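Listed below, chain by chain, are the residues.
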Amino acid sequence: MLLASFAFAQQPNSPDADYIKANYQKYEYQIPMRDGKKLFTSVYVPKDQSKKYPIMMDRTPYSVGPYGPDAYKGSLGPSPLFVHDGYIFVYQDVRGRFMSEGIFEEMTPEKEVHKTNQDVDEGTDTYDTIDWLIKNIPNNNGKVGVWGISYPGFFTTASLLSRHPSLVAASPQAPMADLYRDDAFHNGAFMLVANFGFYPGFTNRQDDKPTQRRGSRLTYGTEDGYEFYLNMGSVKNSNDKFYKDTIRLWNEMLDHPNYDQHWKDRNVLYHLHDIKTAVLVTGGWYDAEDLYGAINTYKTLKKDNPNTPIYFTMGPWVHGGWARGNGDHLGDVDFGGPTGPFYREKIEFAFFSHYLKGTDMALEPVSAFETGVNQWKTYKTWPPKEAEEKNLYLLPGGKLSFDAPATTNSFDEFTSDPAKPVPFYDGITLDMQREYMTADQRFAARRPDVLTYQTDVLDKDVTLAGNIWADLKVSTTSTDADWVVKVIDVYPDSAKNNQFTAKGVYMSNYEQMVRSESIRGKFRNDFSKPEPFVPGQVTPVNYELQDILHTFKKGHRIMVQVQSTWFPLIDRNTQQFQDIMKAKDTDFKKATERVYTSKEHPSFLKVRVM
């Protein structure tokens, strides 16, 4: 839901702006919901009324503006292909946002049972909207498709719960699914820079009064996010120094650091059963925000709706990167050519055209871009059934191997100092710099508080397909610790720069991050019930790094880095067992962290090898 969502703002000077004004008529409606609230809805109808058109709908918390029947969007639909093919386009401010009535709730909790007209959620709001559109918009063909990216991706997933018979196709793209696991926390570690930067701009109203007013931007006073967040101190200071307890949704996160009922109510995955609508789930391998949402929305839909057409696409994209642009690189890493246009035409447009207009479609259930070798692959299901589970062991001397350790009493250790945390990105930025997902990790490998393990030079290609689990054996001199694991593709010294390589960067021996993830150690057994570490006691810490499809080519190496800070991507752990959201600046303590690499206490990654 964060940051990049604002990139999907209107484009009044886009190439299609004149075409849209010439060929579409805009209308604005206040559509009544079953509980009496009205939702503001913009409808763009083709002026050619000689035939019937399907409806394409986007429900959003980010405004359907520009407002006014004579003020037109500069682009309509998921891509220009839809504009020129002819659809009725519908945009709706969701309940409690901008010009719609009601109070906004973060990821509206869905209800399994709706006994009265007051039992409303995004599923009922979608049902009531579709029902009104089908009955009141002339020349529609009775079929509706819904799409949305990021937060609108969640509303697209929730639209499936309307189970309206006219909703025949939906595409949740980078959808938020479980807010605790997507944008707010990653395995209990708070996603600091992304959320802190997001909520001032998102918060334009906190009441039931419709408005066109937008949120505000925070003045940081510096371009250096690392410095800014260190100076801010503990997360509690965000209110003491900046927000003054004025942002309700920010406070909800700080008040619920554990995976309690507040978050469980906001997990839409629990409700994705009895779905008849055809679904195309889309995500990016380098989505720093809602990677979990895309992967797990697909897996849940596939598991709980075996007879429904469920399609899944994962490309080499950042958050929403497939929607426009070439998708030919990220940072210094070249993907071998454009990937965005292929997706927009051959997958997204083909999917909606088939289900809404009856055109032919030759789309495999899973389309996944294999990074490392830069090629599209198709599968019947994800992860591929032929992927074999193996363990990749951390060994003494910084080695990494599929062979288990034979030594005893071996470990590596480092001092974790919250006053000098490991940066998540080697550069000056205030944002969650999206390029960090593929960035060179040599800057981190050279720090004494980052452990590095790598294989020998590979004598053949190694392809990992599916999710990765970190299975660490660790100890700490404190009662809590964060653990960050990064999987890295180390290029050979013969690697040459490409057209996207930044000035001063060399692809020779480049350490490209492929997948990374964090966990707040006290949640190692249960996200709902934190437990302290016993100082000095060897303790297993297991957590998921999520899925990849990546080939480490012959001549490359596979590397794993382990660290305990990752700043300010995640907030700093005080390294004491406490509610970190209420911690004081004086609570942060140094600690010695150990990772065990022995026969009796092996640390490894559980991977799937093709």
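For the structure itself, consult the block above.
Residues numbered from 1 in each chain as written. Predicted model: local features only at pLDDT ≥ 70, side-chain atom pairs only at ≥ 80, totals over all residues. Heavy atoms only, no water.

Visitor: What should I look at first to understand the overall build of the chain in this one?
Guide: Each helix and strand in the chain was counted, giving 13 helices and 25 strands. Since a compact globule built from 610 residues should have a radius of gyration of about 25 Å, the 24 Å found for the chain is in line with a globular shape. Burial analysis of the chain (610 residues in total) assigns 61% to the buried set. Considering only contacts within the chain whose residues lie at least 6 apart along the sequence, 77% involve residues at least 24 apart. In the form shown here, the chain has an accessible surface area of approximately 22900 Å², with 48% of it arising from carbon and sulfur atoms. Across the chain, the mean location of the 69 positive side-chain charges is 1 Å away from that of the 79 negative side-chain charges. (Helix = DSSP H or I, 4+ residues; strand = E, 2+ residues; numbered from the N terminus. Rg over C-alpha atoms; globule rule 2.2 N^0.38 Å. Buried < 20%, exposed > 50% of the residue type's maximum accessible area, 1.4 Å probe, protein only. Contact = heavy atoms within 4.5 Å. Areas by Shrake-Rupley, 256 points an atom, 1.4 Å probe, with all protein chains shown as cover. Lys, Arg positive; Asp, Glu negative; His and termini not counted. Charge placed at Lys NZ, Arg CZ, Asp CG, Glu CD.)

Visitor: Looking at this model, I keep getting lost on the side chain of threonine 211. Mind explaining?
Guide: Note that threonine 211 resides in the loop between helix 6 (192-202) and helix 7 (225-232). Within the structure, threonine 211 has its side chain in polar contact with the backbone nitrogen of arginine 213 (distance 2.9 Å). Threonine 211 has contacts with Phe98, Met99, Asn204 and Arg205, leaving out every residue within four places of it along the chain. (Polar contact = N/O pair within 3.5 Å; in protein donor to acceptor, adjacent residues only side chain to side chain.)

Visitor: Even after reading the chapter, I still don't get the sheet that holds strand 10 (residues 310-315), so can you show me in this structure?
Guide: Hydrogen bonding along the main chain pairs the strands of a sheet, whether they run parallel or antiparallel. Spatially, the ten strands line up as an open sheet ordered 1-2-4-3-5-6-9-10-13-14, and their pairing is mixed. Every interior strand has two partners, whereas the edge strands, strand 1 (24-32) and strand 14 (375-379), have only one. Strand-to-strand twist in this sheet, taken as the mean axis angle between neighbours without regard to direction, amounts to 20 degrees. Packing of helix 3 (residues 122-136) onto the sheet brings it into contact with strand 1, strand 2 (38-46), strand 3 (53-60), strand 4 (88-93), strand 5 (140-149) and strand 6 (167-173), and relative to strand 3 it is tilted by some 150 degrees. Packed on one face of the sheet, helix 4 (residues 151-160) meets strand 3, strand 5, strand 6 and strand 9 (278-284) and runs near 150 degrees to strand 6. (Pairing = 2+ DSSP bridges. Axes fitted to C-alpha atoms, helices over the stretch in contact; angles between N-to-C directions.)

Visitor: Would you mind showing me how to read the pattern of salt bridges here?
Guide: For side chains of opposite charge, pairing can occur when their charged atoms come near one another. In total, this model carries 28 salt bridges according to the counting rule given. A salt bridge links lysine 380 to glutamate 364, with the shortest nitrogen-to-oxygen separation between them at 2.9 Å. Taken as a pair, lysine 380 in the loop between strand 14 and strand 15 (388-395) and glutamate 364 in the loop between helix 12 (340-357) and strand 13 (366-370) lie far apart in primary sequence, 16 residues in all. Look at glutamate 364 and you get partly exposed, because its relative accessible area is 31%. Here the salt bridges share partners, and the residues they tie into one network are Asp35, Arg95 and Asp125. (Salt bridge = Lys/Arg side-chain N within 4 Å of Asp/Glu carboxyl O.)

Visitor: I would appreciate a short explanation of the packing of aromatic side chains in the present structure.
Guide: Following the criterion strictly, the structure yields 60 aromatic pairs and no others. Consider the rings of tyrosine 151 and phenylalanine 202, whose centres lie 6.0 Å apart with planes at 10 degrees: the pair is stacked. Taken together, the residues tyrosine 151 in helix 4 and phenylalanine 202 in helix 6 connect sequence positions 51 residues apart. The exposure class assigned to tyrosine 151 is buried, which follows from its relative accessible area of 0%. (Phe/Tyr/Trp six-rings, centres within 6.5 Å; stacked < 30°, edge-to-face > 60°.)

Visitor: Would you mind going over helix 12 with me for this structure?
Guide: Spacing of three or four residues puts side chains on the same side of an α-helix, whose turn is 3.6 residues. Maximal helix bending in helix 12 amounts to about 35 degrees, located at phenylalanine 349. Among the residues trailing helix 12, glycine 358 stands out with phi positive, at a value near 80 degrees. (Bend = angle between axes of the 7 residues up to and from the residue.)

Visitor: Honestly, empty space enclosed by the protein in this entry has me stumped. Any pointers?
Guide: A probe as big as a water molecule, rolled over the atoms, marks out the empty space that is left. Tallied over the full model, the rule gives four cavities of 30 Å³ or more. Taken as a whole, the largest cavity holds about 140 Å³ of empty space. Lining of the largest cavity is provided by 19 residues; of these, His186, Met437, Ser516, Glu517 and Gln546 occupy positions nearest its centre. Top contributing element to the lining of the largest cavity by residue count: strand 21 (residues 511-520), with four residues. The class makeup of the residues in the lining of the largest cavity is nine nonpolar, four polar and six charged. Of the pockets and cavities examined, the second largest cavity occupies roughly 70 Å³. Phe185, Gly188, Pro257, Asn258, Arg520, Lys522, Phe523, Asp571, Asp579, Ile580 and Met581 together form the lining of the second largest cavity. For the lining of the second largest cavity, the per-class residue count stands at five nonpolar, two polar and four charged. (1 Å grid on protein atoms, 1.4 Å probe; cavity = no way out; pocket = protein on both sides within 12 Å on 5 of 7 lines; lining within 4 Å. Points joined across faces, edges and corners; volume = space filled by probe spheres on them. Nonpolar A, V, L, I, M, F, W, Y, C, P; charged D, E, K, R; others polar.)

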